[in-house]
Each structure stands twice: as structure tokens, then as C-alpha cells.
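Close look at the chain arrangement
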Amino acid sequence: MVPDDRKYTQEHEWILIEDGVGMIGVTDFAAGELGDVVFVELPEPGSEFSQGDTVGTIESVKAVADLFLPVSGEIVEINEAVVDTPELVNSDPMDEGWLFKVKLSDISEADQLMDAAAYGELLGG
Amino acid sequence: MSEPTNLKSTPLTDWHQQHGGKMVPFAGFSMPVQYEGVLAEHACVRERVGLFDITHMGEIFVSGPGAEAWIDGLVTNRVTGIPTGKIVYNAMCRPDGGVLDDMLVYRLGETEWLIVCNASNHAKISGWLEKNLPADGVDLDDQSDQTALIAVQGPDSRELLCRLGALADRAHEVEALKFYTAFTHEGPAGRWIVSRTGYTGEHGYELYLPNGDAVAIWEELLTRGEDLGVAPIGLAARDTLRFEVCYCLYGHELEEDITPLEAGIGWAVKLKKDDFVGRQALLMQKSEGIPRRIVCLEITGRGIARQGARVLYQGQDVGLVTSGTFSPTLKKPLAMALVEAAISEGELAVDIRGRTIACRIISFPFLSARTKGDPRSERMLP
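Residues numbered from 1 in each chain as written. Chains lettered and ligands numbered in written order. Predicted model: local features only at pLDDT ≥ 70, side-chain atom pairs only at ≥ 80, totals over all residues. Heavy atoms only, no water.

Considerations on the overall build of chain B
Stated precisely, the cut-off is as follows: Helix and strand assignments follow DSSP, with helices taken as H or I runs no shorter than four residues and strands as E runs no shorter than two, numbered in order from the N terminus. In this treatment the radius of gyration is a C-alpha quantity, and the globule benchmark scales as 2.2 Å times the residue count to the 0.38 power. Any residue under 20% of the maximum accessible area for its type is buried, any over 50% is exposed, and the rest in between are partly exposed; the area is computed with a 1.4 Å probe on protein chains only. By definition, residues are in contact when any of their heavy atoms lie within 4.5 Å. With residues, only the protein chains shown are counted as cover, and all accessible areas are computed by Shrake-Rupley using a 1.4 Å probe. Note that His is not counted, nor are the chain ends; the positive residues are Lys and Arg, and the negative ones are Asp and Glu. By convention, the charge on Lys lies at NZ, on Arg at CZ, on Asp at CG and on Glu at CD.
A tally of helices and strands in chain B yields nine helices and 19 strands. The globule rule puts the C-alpha radius of gyration for 382 residues at 21 Å, and the 21 Å found for chain B is close to it. In chain B, buried positions account for 58% of the 382 residues. Considering only contacts in chain B between residues 6 or more positions apart, those separated by 24 or more positions represent 66%. As displayed, chain B offers around 15,600 Å² of accessible surface, 51% of which is attributable to carbon and sulfur atoms. Charged side chains of chain B number 38 positive and 51 negative; the gap between the two group centres comes to 7 Å.

Overview of the interface of chain A and chain B
Quick reminder of the rule: A quick way to say it: buried area is the sum, across both parts, of accessible area lost when two parts are put together, with a 1.4 Å probe. Salt bridges are defined as contacts in which a side-chain nitrogen from Lys or Arg sits within 4 Å of a carboxyl oxygen from Asp or Glu. Here a polar contact means two N or O atoms within 3.5 Å. Within protein one must be a hydrogen donor candidate and the other an acceptor candidate, and residues neighboring in sequence count only if both atoms are side-chain atoms. Under the scheme applied here, ten amino acids are nonpolar (Ala, Val, Leu, Ile, Met, Phe, Trp, Tyr, Cys and Pro), four are charged (Asp, Glu, Lys and Arg), and all others, including Gly, are polar.
Each side of the interface is counted separately: chain A has 15 residues, and chain B has 17 residues. Buried area between chain A and chain B, summed over both chains or domains, comes out near 1,400 Å², and the portion from carbon and sulfur atoms is 51%. Across the contact surface, chain A and chain B share four salt bridges. Ionic pairing is found between E41 of chain A and R355 of chain B, a salt bridge with its closest N-O pair at 3.6 Å. Across the contact surface, chain A and chain B share 11 residue pairs in polar contact (both at pLDDT 80 or more). Taken together, the elements giving at least two residues each to the side of chain A that touches chain B come down to α1 (28–34), β4 (37–41) and β6 (54–60) of chain A. The biggest single contributor to the side of chain A that touches chain B is β4 of chain A, with four residues. Looking at the side of chain A that touches chain B residue by residue, the class counts come to seven nonpolar, three polar and five charged.

Here's the deal with the confidence of the model for chain B
Spelled out, the test is: Confidence per residue, as judged by the predictor, is encoded in pLDDT with a range of 0 to 100.
A residue-level look at chain B finds 98% of positions with pLDDT of 70 or above and a mean pLDDT of 96. Both scores are available for the predicted complex, with the pTM at 0.94 and the ipTM at 0.86.

Digging into the sheet that holds strand β7 (residues 64–68) of chain A
All names here are of chain A. Short version of the rule: When DSSP finds two or more bridges between a pair of strands, those strands are recorded as paired. For helices, the axis comes from a line fit to the C-alpha atoms of the stretch in contact; other axes are also lines fit to C-alpha atoms, and the angle between any two N-to-C directions lies between 0 and 180 degrees.
Across the sheet, three strands lie side by side as β4-β6-β7; this open sheet has antiparallel pairing. Among the strands making up the open sheet, the edge pair consists of β4 and β7. Taken pair by pair, the neighbouring strands of this sheet meet at an average axis angle of 20 degrees, ignoring direction. Across five bridges, β6 lies against β7 in antiparallel orientation.

Remarks on the sheet that holds strand β15 (residues 310–313) of chain B
Residues and elements named next belong to chain B. On the basis of which strands lie adjacent, the closed barrel formed by six strands has the order β14-β17-β16-β15-β18-β19 and antiparallel pairing. Taken pair by pair, the neighbouring strands of this sheet meet at an average axis angle of 45 degrees, ignoring direction. Strand direction decides the pairing type here: strand β18 (residues 348–352) and strand β19 (residues 355–362), joined by five bridges, are antiparallel. Looking at the pairing, I352 lines up with R355 of β19.

As for the side chain of Q285 of chain B
Residues and elements named next belong to chain B. Looking at the element boundaries, Q285 is found in helix α9 (residues 279–288). Residue classification places Q285 among the buried residues on the basis of a relative accessible area of 13%. Excluding its chain neighbours within four sequence positions, the residues that come into contact with Q285 are T259, L261, E262, I290 and P291.

Here is the structure:
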């Protein structure tokens, strides 16, 4: 089941938007594909990026994946817990394994993202 | 997802797919890269015992009155005069000293030998052996397609192997089997080779079986080892396990443009023995000075240096990372790199996707092997 409280990207990230601030993480599918995550590099709070920018990396024992910003804005918080305990990305990617928060500079960008139904289809129904 | 359909399978391929194995193409085979997860599988082998399907390896039997001298002329280590049951680690080189492959050579009898090569180099080695075959006195018999290979690795591997029904009468021989020795055994479907070898740095065995015995023995090992916590282990953990004890992997630390002296396996090169292919070049390299060497790096900054990452000394390129990952046992990013031999201390860094990250050379290996002696001995840490 894909939770319907948030939006999704082609890069298998999720964004949960509340009061103009989006919490971002990778999906269950992405975490499973990566395997055991051992290292997370997150953007500096206060830095500003555009939609689609590469803002960090997430590394498993075997692979490296870039983190993309689903919406333009300013990084307002990072999940320090996941920096110290990267396995949170595997154990709870949709909640405690969140990665960072962004203050959206253009709330309409969120409309371009997939809803749960569309993302479910991307995963093959 | 589409996958190449012409991949070879092993007798255990269906089992892997039915038991959660994530299959990937590897050296022309469909092989399991992981089951439960690389970290859990890695720990299973370091702490308990794990099973690996490594049937993709090549098994080439060599026989005849000329076999002993002929093999010795193609490999870097000395195989002449070894007793039946002894195994020797070797490189096979080109005339210029570059490594064609690394391999195990088994003496199975007075005139019977077995060469075990990497799957990725199997065709190349077959071709090289054929090309160098004398007119008579040596016969080659490639049994790779008929031979399954199961590795049983970890501190509880001896206990587990002794429980196999087919080896019940020979448990005392399993108990007594020394590192880098083997014995043959008549199994249900034909001859087995029980070998005290491995690629994990732990006490372990490798079982060469006729294909027909593979599934039953694999399942019996899992059943009989349930109380020991045995689990199937994928190729990803095989790589992290060998990496921590700094065993060379062809395509990483070994290549055709790397000599065994550079790769740090000079202990397997006997320059004083009779001539062998590559000897003159290696003698010359040794006398002129070995230009590069493999070093162990600890990444002290934040990042994981992987194969191909540039190594920088005071900002200048001095080599490349050959293998690098996050060490599951030592819990930090480590790397092996091939660098200019003069580099020892000082301002070292690796370029990780455009970022310069500090590192330092540490002693070899990252983790000491427990292949001999007490399988649960305390490890010496760097």
C-alpha cells in the first residue's frame, strides 16, 4: 500500500507537505532496492535549491543514489537521527527515516508530483 | 524489469529464486546478490556460518604425466612436488607479467590436478590453457558445467559440515582437514572434493559436487544448521567479507595491466623456481623497483570511496581506488587502492564524485583472517 497523505516522484522519493513545508524521504521501494543504507549526505540547512537539483546522496553497501529536490525551496531542517543511524532509512523509510525538510518557494510545484495512485501504478500496480 | 535471458543457471538457481534471493547477472550467470540483506548476511558468516552458491567458478581438470611440470610453467607459485590433497594459490600471468587470473591449483593424485579459476575469466583461461597445451602428455577436462560449488564459511562451518549425512563416515577427516588441503569423497551422485578453502577470511570449506547432489546437500546443510543460525549468503556479502580481509578480487586489485608483485600477492610468486610465463618480466620489475602497490585506506572524512575514485597526494593524482565500501565489521568506510609505490604518509585524499575527502594509509589487512587455528580467536584490529 502506498500512503495517500503525500506525493511521490519518479526518483522514488516522497514529500509530505504541511503549512508550506515539505518533509522528504525515500520510498519503501527505493529503500528495498538500495539495500542496507550505511551513509547519508544531506544538504546544509539554510541553503536554497531549485526543483530537480541534486542535494545529497544516500549510499548502501553496494550502491550510491543521488537525492533530488522534488520542489524548489530552502532547506529548513535535516534529520540528524538518520545521519547518525542510516539504517533508519531501511527500517522506517516513510516515517522515522525521513531525510530533510524544505520550505517551498512555489507551492504549485507540488501539483506536478504523483499522487499515491499514480505512484502505485509506477510500481506496477 | 528485463534481464538478459541467455544467462546460465546453476542447480540452485530455482532454489535462490524461491527463497528470496535477489538475482543479478554475474559473469554470464544469474546469481543471488543478496537474500536477507548484506549486513545481516555478512554478520552471519563472521559470527556463525553461511552458505554460498559459487557454482559459477570454473573447474578445469588437468591430467597426464606432463601435467605437473606444465602447470608449474604457467603459474607463479610452486606446485611441483606438493603432496596429493594440497592446494596452492597462484596467479597466471602474461609474458609481460600482467595477471590473466588468480586461481587455486589442487593436486588430486600423482598425475591429476584441478585448476579453479574465476567465472569472469573462465573463457580466457580455457583459451590460454588450450593455446599452451603440449602435443602430448597433458589432458584438459573442463568440468565446470557439471560441477556445483557450495562454500560453507564461518566459525561454525566445521561443526555444520561434520553433520552432513554423506560425510558421516569421514567426520574425523573433516575435523582434521588443514587449511588449503582437500580430500575426495564418493557422494551420492559421484565424486566430491571437500576443500578447506574460502574467500571470507573465516574458517571454511568449499564443496565441489556433481550437479545432481547440489540441491539436496544445500538443503541438508540449511536444515542441519538451523540451530547454528546458518543462512544463504549472496555475492554482495561475499565481496564485503573478502574486502575486509584484503583478499584480491580480479577486476579490482588484479588486472591484465597489474602484476602480482604490485597487487601484493608476491608471496605467491616464486621467482627462484624454474621458468614460468611472466617470470622474466617480474624479475625485471623486482630489480628495477615495483612501481605501484596496493594500500589500505581509511576514509577519515565523510564519504565512501568506491572503485575508480582518484587518490590524491598533495593534490596530485597518485592512483585509483580498486575496491571500497563501508566495512560492516569495522563500521567505517575503507578502501584498497593501487598507488605509486613511494606514497606512504602525508596529505592523502580521495576524490569522491568531485569532492576531496581526507584519508590515510593504515596497516594491512583491515581485519585479520581466522582461517587457521581457533575459528573464534580474537581478531587483531588495525
